[in-house]
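# Structural overview
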Amino acid sequence: MQSVQVGVLLLNEAGQITFANPAAVNLLGLPNSYMGKLLSSQIQLVDRQGESVSLGQLPIQQTLATGQPTYDVVLGIKLATQALPRWLRFDVDLQSSSNSSSNRAIAPITQLICTCVELAPADQQGHSKLADGAMLAYMGHELRTPLNAILGFTQLMQRDPALAENHRELLNIIERSGEQLLSLISDLVELGKIQAGQINLNLAPLNLQSLLMGLEQMLCLKAEAQGLKLRFELAAGMPTYIEADEGKLRQSLLSLISSLIKLSQTEPVQINIQSVASDSLNAAVLRLQIQSTTANATQVRSQLSTATQPQNPDSWNLRFTISQKLIQMLGGALHLGAAGDLIAVCELPIVLLKANPLETKVQSQVKVIGLALNQPAYKILVADDDAVSRLLMVKLLKEAGFKVKQAVDGQQAVQLWQEYQPDLICMDMRMPKMDGYEATQQIRVQAPTLPILVLTANELTPDQVRAGQWHDLVPKPIRRDLLLDRLQQHLELEYRYEQPASAVEPSAMLLDLQIETLQQMPAVWLQDVYQAAAQGSDRLIYQMAQQLPAEKTALARALTALADEFQFDQILKCLQRAGLES
């Protein structure tokens, strides 16, 4: 076993390493002091989605739990010296005190035999989708971690009442840019999961008309900023309540229509939406017919036909590819029009619901100041190995009035839970020494009802959250409002809220955008502002506002406020009224 190329490990019934040949040490990157240590504490494995494999998911644990051997398990191993995981195939067999192999599943286990081998190039080609999807998911997790700090501390700074107005505007730019980057990361990870076949559908009741209205509002603003008109036409008899995967349904339509807006330049686009009855009981097909002028439809169809070609680097290509894949996964179909003004037809199966299955929950738009008076001094334990993430959580929680303790890994979290007896634990998923999954399992033995929220940049399904015995999920980057909402839900506490400010209508923001003032500005500056608004670029609008002299502060503030609300159409109208034409 010392000279074979296959990694061989012997483990006792507790999962501790009693022997490892040189190939196993090399493949798994085991340290010199591995003897007698748990295998799960010495290596970092990832699954097909690039997510850390918890203790209970390891092949050795499955064999220990079932008494049955585990064969042909493919996992990625992440070594500290490597940027990306290497893919290994694991086989775990067992020896028992029984002489009969047929009875070994019920006999006491005395030793496990674990073999591992790196996938050969031919095997790696067979797992190329797996590796690509895992790589994107892993990189997505790594990118979301610094974004958690960027967006989190931006939220904290925006709440500072002493913050200067110009600094607040800069923070708004940082926040919007971070949100755009987060959206792009999510798109890339989603594409990787789709290509690796790792997407699961989470069906639930939803309000279809509300979903479509939200999409229309979002996309019409984007279209107007580009100088084109987008129109949704809902046919009579559209169902209100359906059952579907809301997130993937929204993303598939958003990615599809965003791509078409990008390609249509300034030509109008109309989307006729109807529900077509199906042969199955309570089933229907949601059909979207996307039309434009004949010339534009012809041009867009031609470009869409090249969307899957790898040499196409355009930004719309990624979104269109994502929409195609998602539509297929939802059981639908996307067809390009053959001729005339029809760009494409999208059909998606839906399940009709006759009654309203949704509980109405009014989301408060006012900000939380802190805990209400006469509330207990709630104690929160935060477990996270990343110092910046811990600092952010501590500041968010202490600002709201909670008492906070910190743990740097799962092992310390278990120890502090015993000493501190917190009311709730915020548990990171990936930590050294002991991960969040194992720490939660240990705490659950004595505290089965203690609220434990999992903090992770990974996308967990409700089933995965329940399997980890967590009460709820708080995704990274951390959103203050969502975090406080989760705490209120699971601790049944009450908050104090700031007095809601009067809503500012776009027309109010126009008061300082006087036509006379605009007419006094240089023609070159006005033309640049017009082009920035036509492109829907808040970044360029901010740059133009910063060029204004001190006596034009009111104009700069009005431009910035309109850009903050993406009211580019209002800016264009004012410029046109001032006599400026494109």
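Whatever comes next refers back to the structure up there.
In this report, we go over the structure that sits alongside the text. Here the structure is a predicted model, which means the values were calculated and not measured. (Residues numbered from 1 in each chain as written. Predicted model: local features only at pLDDT ≥ 70, side-chain atom pairs only at ≥ 80, totals over all residues. Heavy atoms only, no water.)

Turning our attention to the overall build of the protein. A count of helices and strands for the protein gives 21 helices and 20 strands. Out of the 582 residues in the protein, the part that is buried amounts to 46%. Within the protein, contacts between residues separated by at least 24 positions form 67% of all contacts whose residues are at least 6 apart in sequence. With the model as given, the accessible surface of the protein reaches about 28,500 Å², and the carbon-plus-sulfur share is 51%. (Helix = DSSP H or I, 4+ residues; strand = E, 2+ residues; numbered from the N terminus. Buried < 20%, exposed > 50% of the residue type's maximum accessible area, 1.4 Å probe, protein only. Contact = heavy atoms within 4.5 Å. Areas by Shrake-Rupley, 256 points an atom, 1.4 Å probe, with all protein chains shown as cover.)

It is worth spelling out unusual backbone geometry at this point. In the segment running from K476 into P477, the intervening peptide bond is cis, with an omega of 0°. On the secondary structure map, P477 appears in the loop between β19 (472-475) and α15 (480-491). Even without a glycine there, the phi angle at Q421 is positive, about 50°. Along the chain, the position of Q421 falls in the loop between α12 (410-420) and β17 (424-428). Residue class for Q421 comes out partly exposed when judged on its relative accessible area of 45%.

What follows covers the sheet that holds strand β16 (residues 403-407). Strand pairing in a sheet relies on backbone hydrogen bonds. The paired strands run either parallel or antiparallel. The parallel open sheet is built from five strands, whose spatial order is β16-β15-β17-β18-β19. With one partner strand each, in any of the chains shown, β16 and β19 form the two edges of the open sheet. Pairs of neighbouring strands in the sheet enclose a mean axial angle of 20°, with direction left out of account. Across four bridges, strand β15 (residues 379-383) lies against β17 in parallel orientation. Bridge pairing in β17 places A383 opposite M427. Set on the sheet, α12 makes contact with β15, β16 and β17; between it and β16 the angle comes to about 145°. Helix α13 (residues 436-446) rests against β17 and β18 (452-456) of the sheet, and its axis sits at about 150° to β17. (Pairing = 2+ DSSP bridges. Axes fitted to C-alpha atoms, helices over the stretch in contact; angles between N-to-C directions.)

Along the chain, D245 falls in the loop between β9 (241-244) and α8 (246-264). At a separation of 3.2 Å, a polar atom in the side chain of D245 contacts the main-chain amide nitrogen of K248. (Polar contact = N/O pair within 3.5 Å; in protein donor to acceptor, adjacent residues only side chain to side chain.)

Turning next to the packing of α12 against α13. As a packed pair, α12 and α13 sit with axes 9 Å apart at the nearest point and diverge in direction by 20°. Judged by the angle between their axes, α12 and α13 are roughly parallel. With respect to the hand of their crossing, α12 and α13 are arranged in right-handed fashion. Note on element contacts: α13 touches α12 through A439, Q442, I443 and Q446, opposite G410, V414, W417 and Q418. Classifying every residue of the contact of α12 with α13 gives four nonpolar, four polar and no charged. (Parallel < 35°, antiparallel > 145°, perpendicular 65-115°, else oblique. Left-handed = near helix turned anticlockwise from the far one by under 90°. Nonpolar A, V, L, I, M, F, W, Y, C, P; charged D, E, K, R; others polar.)

Burial runs high along strand β4 (residues 70-77): six of the eight residues are buried. Taken together, the two bridges between strand β3 (residues 45-46) and β4 define a ladder with antiparallel strand orientation. The partner of V46 across the bridge, within β4, is G76.

This paragraph deals with the side chain of T154. Positionally, T154 belongs in helix α5 (residues 128-158). From its side chain, T154 meets the backbone oxygen of I150 in a polar contact 2.5 Å long. In this view, T154 contacts A149, L171, I174 and E175; residues no more than four positions away in its chain are not counted.

What follows concerns α8. Owing to its 3.6 residues per turn, the α-helix aligns residues three or four sequence positions apart on the same side. With 19 residues, α8 ought to run about 27 Å at 1.5 Å a step, and its terminal C-alpha atoms sit 27 Å apart, in line with that. Summarising burial for α8: 15 of the 19 residues are buried, a large majority. Between a side-chain oxygen at the N-terminus of α8 and the backbone nitrogen of K248 the separation is 3.2 Å; the capping residue is D245. Just past α8, the residue Q265 takes up positive phi, approximately 55°. (Expected span 1.5 Å × (residues − 1).)

Our next topic: the environment of G370. For G370, the position within the fold is in strand β14 (residues 368-371). Using a relative accessible area of 3% as the deciding quantity, one classes G370 as buried. Along the backbone, G370 and A400 are 30 residues apart, and their C-alpha atoms lie at a distance of 4.2 Å.

This part is about α12. Listing the buried residues of α12 in full gives G410, A413, V414, L416, W417 and Y420. On its buried face, α12 sits against β15, β16, β17 and α13. N-cap assignment for α12: the residue whose side-chain oxygen lies 3.1 Å from the backbone N of Q411 is D409. Among the residues trailing α12, Q421 stands out with phi positive, at a value near 50°.

To continue, consider the packing of aromatic side chains. Taken as a whole, this structure holds three aromatic pairs when the rule is applied. Relative to F402, the ring of Y378 has its centre 6.4 Å away and its plane inclined at 50°; by these criteria the two rings are tilted. Taken together, the positions of Y378 in the loop between β14 and β15 and F402 in the loop between α11 (387-400) and β16 put the pair 24 residues apart, joining distant regions of the chain. Relative to W470, the ring of Y437 has its centre 6.4 Å away and its plane inclined at 75°; by these criteria the two rings are edge-to-face. Placement of the pair is Y437 in helix α13 and W470 in the loop between α14 (462-467) and β19, with a sequence separation of 33 residues. Since its relative accessible area comes to 6%, W470 is described here as buried. Positioned above the aromatic ring of Y420 is the side chain of K379, whose terminal nitrogen or guanidinium carbon lies 5.0 Å from the ring centre. (Phe/Tyr/Trp six-rings, centres within 6.5 Å; stacked < 30°, edge-to-face > 60°. Lys NZ or Arg CZ within 6 Å of the ring centre and 35° of its normal.)

These figures come from the coordinates and say nothing about function on their own.
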